[in-house]
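Analysis of the macromolecular model
Listed below are the residues making up each chain.
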Amino acid sequence: MKKKSFILMLAAVLSMSALAACGKNDNNEAQPSSPGSSAGSSPSASESEAPNQEPVTISYWHIYTDGPMKELTDQLIADFQSKNPHITVEQLGVNFFDYWTKLSTAMAAGSGPDLALNDTSTVQTRAQTGAILSTDEYIARDGIQLDDYFPILVDRMKYDGKMYGMPNDTDVRVLYYNKKMFADAGLDPNKPPANWDELEEYADKLTQWNSNNMLDVIGFSPALGNLHFWTLAWTNGGDFWDDEGKPTFNTPENLEALQWEKKIQDKYGVKAMSAFNSQASALGFSPFIAGKAAMIVDVNNLYQEIQTRAPELEFGVAPIPYKKNPASWSAGFSLELVNNKDDKRAAAAWELMKYLTSAEVQVQILEASGSLVSNMKAATDPKFMEDPNWKMIVEQMEHSRFIEYIEAMPSWHGSLDPVEQAVLNSGKDPKEFLDGAQRDAENAVANFEKTK
């Protein structure tokens, strides 16, 4: 989506959110949406049909097993059932690391849940095989306004022109910087680096060495946090696939990005960087929070962790420095209707999906988890946008993108991580390893074409 269109849409959402804020109750608490309604939607079947509807039981699987999100999920389901007494929700929370195997196994066996939290990046895979149902009919029937959701997420939920599910939440990568360290190094704490040259210059000034020639504070390392090589390549105008689905891994723009990463990393040396990584890993949390990294690119969830672990930390949030184009990357979770061949359960599961992605409920989800929720009305609620750091985070969705879905090589980005690690940590030649990745991708595409 073009910049002007995104800004106009965001402005419209902010205006509507401000108006909505005036209509809240006296204690300024957001009220849960009534099931079968969402901001701007028309009455749903559950509101307009006869009150004595036939009972139905649905299952909902998710990853919330403890903490604030488990408590909120229990509350939301209880509220939903009280407003939809004919629907009983049997929920199952599974820890994050076991969830995906359990869900995919159950769906393959035809025993999956009716409503599932799933990976937004891979929606097209499930839509293509018929494992999940299109939500177009429900969206049209209930007047759901897809413009209320981040455009990039709506696009990722589509396959063959149809919506499959609804986006639930996402994330975005930004630059965190320590304002006190900036001031101590003679840098303006209100002017973070905007481009690669400034990022390198600031990193040099912010890095602190101890008497043993080991790193005490690292100015910036592309290997820390959640930057990844492809993001930096995007900021240089690079890409990894052309419009015909052919790999372009070793283009000059991509090579330049990897060479720049290596130049930054080589300043620290393998020995010092290895010792620093060992110390950072032992922390159990981000070295930025510990004051060991002056700048780091990471997801928006780090913001909540800073507020919890180091509320007094003087820091700022800024866009990722770029050379040619501003860029960031996002991942996220969607809510999907599993194709269990039961229209009644699917319709009931849609009501729960609609409820969970409504603006009022997503405000509560943001408050509980700190996640960047998919509903822009919730994400841009005035009480959140008063915070300049959160405002900066939300605005980066204008420049963010998802990893491309390539049918011939769905996990192509995973093949780039070993390349990046070899170049940064083992001193391997960037061109040699990018050329190797290019050949592997070409072979993957060729082998896929043979199966058609």
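Our subject is the structure that appears above.
Residues numbered from 1 in each chain as written. Predicted model: local features only at pLDDT ≥ 70, side-chain atom pairs only at ≥ 80, totals over all residues. Heavy atoms only, no water.

**Details of the nonpolar core**
Here is the rule: Definition of nonpolar core: a set of buried residues of the types Ala, Val, Leu, Ile, Met, Phe, Trp, Tyr and Cys, connected through side-chain atoms within 4.5 Å. Residue burial is assigned from relative accessible area. The probe radius is 1.4 Å, only protein chains are included, and a residue is buried under 20% of its type maximum, exposed over 50%, and partly exposed in between. By the criteria applied, helices consist of DSSP H or I runs no shorter than four residues and strands consist of E runs no shorter than two, each listed in order from the N terminus. Only heavy atoms matter for contacts: two residues are in contact if any of them lie within 4.5 Å across the pair.
Y176, F240 and M295 are the most contacted members of the largest nonpolar core, which has 136 residues in total. Sort the elements by how many residues they give to this core and helix α14 (residues 343-356) lands first, with eight residues. In contact with F240, other than residues within four places in its own chain, are F229, W230, A233, W234, K246, P247, T248, F249, N254, W412 and L416.

**Some remarks on the pairing of strand β2 (residues 87-93)**
The line we're drawing: Strand pairing follows a simple DSSP-based rule, namely that at least 2 bridges must link the two strands. Orienting the strands away from the viewer, one traces the path from the first strand over the helix to the second; a clockwise path indicates a right-handed crossover.
Here strand β1 (residues 56-62) runs beside β2; their pairing, made up of seven bridges, is parallel. Within β2, the position partnered with V56 by the bridge is I87. Chirality of the crossover, the property in question, places the unit of β1, helix α3 (residues 67-83) and β2 among those that are right-handed.

**Describing the packing of α3 against helix α15 (residues 359-369)**
For the record, the criterion: To get an axis, fit a line to the C-alpha atoms, keeping to the stretch in contact for a helix; angles then go from 0 to 180 degrees between the N-to-C directions. Should an angle fall under 35 degrees it is called roughly parallel, over 145 degrees roughly antiparallel, and 65 to 115 degrees roughly perpendicular, with every other angle called oblique. Each helix crossing is assigned a hand: it is left-handed if the near helix lies turned anticlockwise from the far helix by less than a right angle, otherwise right-handed if that turn is clockwise. Here the nonpolar group is Ala, Val, Leu, Ile, Met, Phe, Trp, Tyr, Cys and Pro; Asp, Glu, Lys and Arg are the charged ones; every other residue, Gly included, is treated as polar.
Where α3 contacts α15, the axes come no closer than 9 Å and their chain directions differ by 160°. Judged by the inter-axis angle, α3 sits roughly antiparallel to α15. Between α3 and α15 lies a crossing of right-handed hand. Facing α3, whose interface residues are P68, M69, L72, Q75 and L76, α15 presents V361, Q364, I365, A368 and S369. Across the contact of α3 with α15, the residue classes break down as seven nonpolar, three polar and no charged.

**Focus on the pattern of salt bridges**
Using the following cut-off: We define a salt bridge as a contact between a side-chain nitrogen of Lys or Arg and a carboxyl oxygen of Asp or Glu at a distance within 4 Å.
For the structure shown, the criterion picks out 26 salt bridges. Ionic pairing is found between E395 and K391, a salt bridge with its closest N-O pair at 2.6 Å. Residue E395 and its partner K391 are both found in helix α18 (residues 388-395); the two are separated by four residues, about one turn of the helix. By relative accessible area, K391 is classed as partly exposed at 35%. A salt bridge links K431 to D435; its shortest N-O distance comes to 2.9 Å. A residue pair is termed a helical-turn pair when its members lie 3 or 4 positions apart in one helix, as K431 and D435 do in helix α20 (residues 430-451) at four residues. Using a relative accessible area of 45% as the deciding quantity, one classes K431 as partly exposed. One network of salt bridges, with partners in common, ties together R141, D142, E351 and K354.

**Considerations on the sheet that holds strand β7 (residues 173-178)**
With antiparallel pairing, three strands are arranged side by side in an open sheet as β10-β7-β11. Either end of the sheet is taken by a strand with one partner, and the two such strands are β10 (295-299) and β11 (315-318). Recorded for the sheet is a direction-independent mean angle of 30° between the axes of neighbouring strands. Two elements, β7 and β11, share four bridges in a ladder whose sense is antiparallel. Directly across from Y177, in β11, lies its bridge partner G316. Packed onto the sheet, helix α13 (residues 301-309) meets β7, β10 and β11 and runs at close to 115° relative to β10. Running over the sheet, α18 touches β7 and β11 and is turned about 20° from β11.

**With respect to the packing of aromatic side chains**
What counts is decided by this rule: Note on aromatic contacts: the rings of Phe and Tyr and the six-membered ring of Trp form a pair at centre separations within 6.5 Å, being stacked when their planes are under 30 degrees apart, edge-to-face when over 60 apart, and tilted otherwise. Throughout this description, the term charge over a ring refers to an Arg CZ or Lys NZ atom that lies within 6 Å of the ring centre and within 35 degrees of the ring normal.
For the structure shown, the criterion picks out 21 aromatic pairs. For the pair F240 and F249, a centre-to-centre distance of 5.7 Å together with 85° between the ring planes defines the contact as edge-to-face. F249 gets classed as buried once you look at its relative accessible area, which sits at 0%. Members of the aromatic cluster, connected to one another through ring pairs, are F96, F97, Y99, W100 and F333. Sitting over the ring of W329, R173 keeps its end group 3.7 Å from the ring centre. The side chain of R401 reaches across the aromatic face of W234, ending 4.1 Å from its centre.

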